[in-house]
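# Examining the three-dimensional arrangement
For reference, the chains in residue letters:
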Amino acid sequence: MTTASLPPQHQLPPAARKARRRSAALGLLAWITGIAFCLPALWMVLTSFHSEADAATNPPSLAASLTLDGYREFFGGGDGPTPWPPLINSLSASVFSTVLVLMLALPAAYALSIRRVRKWTDVMFFFLSTKMLPVVAGLLPVYLFAKNIGMLDNVWLLVILYTSMNLPIAVWMMQSFLADVPVSIIEAAQVDGARLPTVLARVVAPVAGPGIAATALICFIFSWNELLFARVLTGVVAQTAPVHLTGFVTSQGLFLAQLCAASVVVSLPVLAAGYAAQDKLVQGLSLGAVK
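Everything numeric in this text was worked out from a predicted model, so none of it was measured.

### Regarding the packing of aromatic side chains
Inspection of every chain in the model, using the stated rule, returns 6 aromatic pairs. With 5.0 Å between their ring centres and 75° between their planes, Phe74 and Phe75 make a pair best called edge-to-face. In this structure Phe74 comes out as buried when scored by relative accessible area, which is 1%. Relative accessible area serves as the criterion here: at 35%, Phe75 is assigned to the partly exposed category. The interplanar angle of 25° and the centroid separation of 5.9 Å between the aromatic rings of Phe220 and Trp224 together place this pair among those described as stacked. Of the two residues, Phe220 and Trp224 are both situated in helix H10 (residues 209-225); the distance of 4 residues between them amounts to about one turn of the helix. Overall, the relative accessible area of 3% leaves Trp224 in the buried class. Here a set of aromatic residues connected by ring pairs shows up, and it is made of Phe74, Phe75 and Trp84.

### A word on the pattern of salt bridges
If you walk through the whole model with that rule in mind, you get 1 salt bridge. With a shortest N-O distance of 2.8 Å, Arg72 and Asp69 are connected by a salt bridge. In this pair, Arg72 and Asp69 are both assigned in helix H3 (residues 69-74), 3 residues apart and thus about one turn of the helix distant.

### Some thoughts on helix H13 (residues 256-276)
Between its terminal C-alpha atoms H13 stretches 30 Å, which fits the 30 Å expected from 21 residues at 1.5 Å a residue. By the largest-angle criterion, Leu268 marks the main kink of H13, which is about 35°, and a proline, Pro269, follows within four residues. For H13, the full list of buried residues reads Ala257, Gln258, Leu259, Cys260, Ala261, Ala262, Ser263, Val264, Val265, Val266 and Val270.

### Comments concerning the packing of helix H4 (residues 84-113) against H10
Running from N to C, H4 and H10 cross one another at 140°; their axes reach a closest spacing of 9 Å. On the basis of their axis angle, the class for H4 and H10 is oblique. Two packed elements cross with a definite hand, and for H4 against H10 that hand is right-handed. On H10, the residues that touch Leu87, Ser90, Leu91, Ser94, Val95, Ser97, Thr98, Val101, Leu102 and Leu106 of H4 are Ile212, Thr215, Ala216, Cys219, Phe220, Ser223 and Trp224. Looking at the contact of H4 with H10 residue by residue, the class counts come to 11 nonpolar, 6 polar and no charged.

### As for the packing of H10 against H13
Running from amino to carboxyl end, H10 crosses H13 at an angle of 175°, the nearest separation of the two axes being 10 Å. The pairing of H10 with H13 is recorded here as roughly antiparallel in orientation. Here H10 contributes Leu217, Phe220, Ile221 and Trp224 to the contact with H13, which in turn contributes Val266, Pro269, Val270, Ala273 and Gly274. Residue composition of the contact of H10 with H13, grouped by class: 8 nonpolar, 1 polar and no charged.

### A look at the side chain of His244
With respect to the helices, strands and loops of the structure, His244 is situated in helix H12 (residues 241-246). Relative accessible area serves as the criterion here: at 9%, His244 is assigned to the buried category. Non-local contacts of His244, meaning those with residues more than four positions away in its chain, are made with Phe74, Pro81, Thr82, Pro83, Pro86 and Gln239.

### Quick look at the layout of surface pockets
Take a probe with the size of a water molecule and roll it over the atoms, and the empty space left behind shows itself. Looking at the largest pocket, its volume works out to about 330 Å³. Forming the walls of the largest pocket are Thr130, Lys131, Leu133, Pro134, Val135, Gly138, Val142, Leu161, Ser164, Met165, Pro168 and Phe229. By residue number, the principal contributor to the lining of the largest pocket is helix H7 (residues 155-178), which donates 4 residues. Considered as a void within the structure, the second largest pocket measures approximately 230 Å³ in volume. Lining the second largest pocket are Ala41, Met44, Val45, Trp224, Asn225, Pro242, Val264, Val266, Ser267, Leu268, Val270 and Leu271. Residue assignment for the lining of the second largest pocket shows that the elements contributing at least two residues are helix H1 (14-48), H10 and H13. Per-element tally for the lining of the second largest pocket: the top contributor is H13, with 6 residues.

About the cut-offs
Residues numbered from 1 in each chain as written. Predicted model: local features only at pLDDT ≥ 70, side-chain atom pairs only at ≥ 80, totals over all residues. Heavy atoms only, no water. Phe/Tyr/Trp six-rings, centres within 6.5 Å; stacked < 30°, edge-to-face > 60°. Buried < 20%, exposed > 50% of the residue type's maximum accessible area, 1.4 Å probe, protein only. Helix = DSSP H or I, 4+ residues; strand = E, 2+ residues; numbered from the N terminus. Salt bridge = Lys/Arg side-chain N within 4 Å of Asp/Glu carboxyl O. Expected span 1.5 Å × (residues − 1). Bend = angle between axes of the 7 residues up to and from the residue. Axes fitted to C-alpha atoms, helices over the stretch in contact; angles between N-to-C directions. Parallel < 35°, antiparallel > 145°, perpendicular 65-115°, else oblique. Left-handed = near helix turned anticlockwise from the far one by under 90°. Contact = heavy atoms within 4.5 Å. Nonpolar A, V, L, I, M, F, W, Y, C, P; charged D, E, K, R; others polar. 1 Å grid on protein atoms, 1.4 Å probe; cavity = no way out; pocket = protein on both sides within 12 Å on 5 of 7 lines; lining within 4 Å. Points joined across faces, edges and corners; volume = space filled by probe spheres on them.

As structure tokens, this is what we get:
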């Protein structure tokens, strides 16, 4: 039945009319909720194009003149520091840690889903238990350890930390993805003489590609947004983009327009990565949902 052939509202049974009204109400509620979630981000983007004087008005003015001064100041057009070293540090730490996480999580998930080791459920619980420790509880030991080995203000220390922090969640995600890989194709590859690295690279990885992409994107986002360890363990050389953002809140006041402009720029890599991998992300997160 096409939309044109649907009966009018008054000709529908009472139950059908009630269901249609409920569906319309839920749709309207979904739109209102989505707009409410997007409003802060849209307001941040609008404020980034205002001058500091207009951004500080209360209540804020929607009709204020637009300017690129906030972006010029962020990119070092004034007396402020250049943001490129923090951005490069964040990109380096996020990319290298994500690559290491995938290299370690793929064989671990293979051993926990396809060629299961003994007491694999206990191993999965151990991975999950590592996320139960509050991050603050491990901050002081990590700081003292990094100080004793001379790795404070070093981007490679962040790579190691981000890898260890994201590895448990990556193993958990990829274990569920690899559980849907047909064992028959793996056995066929092994019969043809393929060794484990070849099986992982040429058989398992292509089949579980959407799940691996979803895992990589989530690990990248977690690494890019991490602030606490980067704030304590870095100084000038290895400062990351989130730490750089905190520099806009000073004792002289809050530079709101510059902060919003910096937040927009820092958010762009994550948004670009999410947009580029949105199809893989949806496929990966839905793997195993339908049997």
